[in-house]
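Chain by chain, the residues run as shown.
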Amino acid sequence: MKIEELNVDEHYKEIGEVLTGDQKKKGILIHAFQQIQKEYNYLPEDKLKELSKKLDIPLSDIYSAASFYKHFYFKPRGKNVVCVCMGTACHVRGASKVLERLEEEFGIKEGETTEDLSMTLETVGCVGCCGLAPVVTVNEEVVGDVGTKKVNEIIKRVKSSDKVRS
Ligand code: FES
């Protein structure tokens, strides 16, 4: 996304009369974050600086607004996002061992991304299907009852996927 192509007035054409200039600028931020993240899979600093300049909003306010939403990221993310559920049901059914195995295999800790950007490893509180515990999500897919065999399948899948984001 080219920041210079952002058109605040155009974006808010229909309700433009109701909003002040500042409100318009702040409102367009979320849209801009979504577009930037869609393209880069995270919010690169240079893009946020361009946005700050374009909208005449201090960079600190830009970061503050983006930090408010959990789904905006400031570091590059992997092509695959593997998320181990650490909620109570999954915890008692061995989620820690699943996490340890993935950390060892990929040489990263929870919250980190492999150097080749093939995978980001995350944890979550509960994904809402405790009956399948322990649960791991691979991108959008839920994998339940994860034991040694399924962890190995997940590892194989991630390792065989393309290393470079398309
Ligand atoms: S605790 Fe893991 S799905 Fe609920």
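Above this note sits the structure.
Residues numbered from 1 in each chain as written. Predicted model: local features only at pLDDT ≥ 70, side-chain atom pairs only at ≥ 80, totals over all residues. Heavy atoms only, no water.

1. A word on the packing of helix 3 (residues 45-55) against helix 4 (residues 59-68)
Geometrically, a packed helix pair is captured by the angle between its two axes and the distance between the axes. Packing of helix 3 against helix 4 leaves a shortest axis separation of 9 Å and a crossing angle of 120 degrees. In terms of crossing hand, the pair formed by helix 3 and helix 4 is right-handed. Between helix 3 and helix 4, the residues in contact are Glu45, Leu48, Lys49, Leu51 and Ser52 and Leu59, Ile62 and Tyr63, respectively. (Axes fitted to C-alpha atoms, helices over the stretch in contact; angles between N-to-C directions. Helix = DSSP H or I, 4+ residues; strand = E, 2+ residues; numbered from the N terminus. Left-handed = near helix turned anticlockwise from the far one by under 90°. Contact = heavy atoms within 4.5 Å.)

2. Side note on the pairing of strand 1 (residues 80-85)
A large share of strand 1 lies buried, amounting to 6 of its 6 residues. Here strand 1 shows two buried faces, one formed by Asn80, Val82 and Val84 and the other by Val81, Cys83 and Cys85. Relative to strand 2 (residues 119-124), strand 1 is paired through 6 bridges, and the arrangement is parallel. Within the sheet, the bridge partner assigned to Cys85 lies in strand 2 and is Val124. Note: strand 1 against strand 3 (residues 136-138), 3 bridges, orientation antiparallel. Its bridge partner being in strand 3, Val84 is matched across the sheet by Val136. (Buried < 20%, exposed > 50% of the residue type's maximum accessible area, 1.4 Å probe, protein only. Pairing = 2+ DSSP bridges.)

3. Describing the packing of aromatic side chains
According to the stated counting rule, one finds 4 aromatic pairs in the structure shown. Considering the side-chain rings of Tyr63 and Phe74, the 5.3 Å spacing of their centres and the 40 degrees angle between planes classify their relative orientation as tilted. Taken together, the positions of Tyr63 in helix 4 and Phe74 in the loop between helix 4 and strand 1 put the pair 11 residues apart, joining distant regions of the chain. Here the aromatic rings of Phe68 and Tyr69 are separated by 5.1 Å at their centres, their planes lie at 80 degrees, and the arrangement is edge-to-face. (Phe/Tyr/Trp six-rings, centres within 6.5 Å; stacked < 30°, edge-to-face > 60°.)

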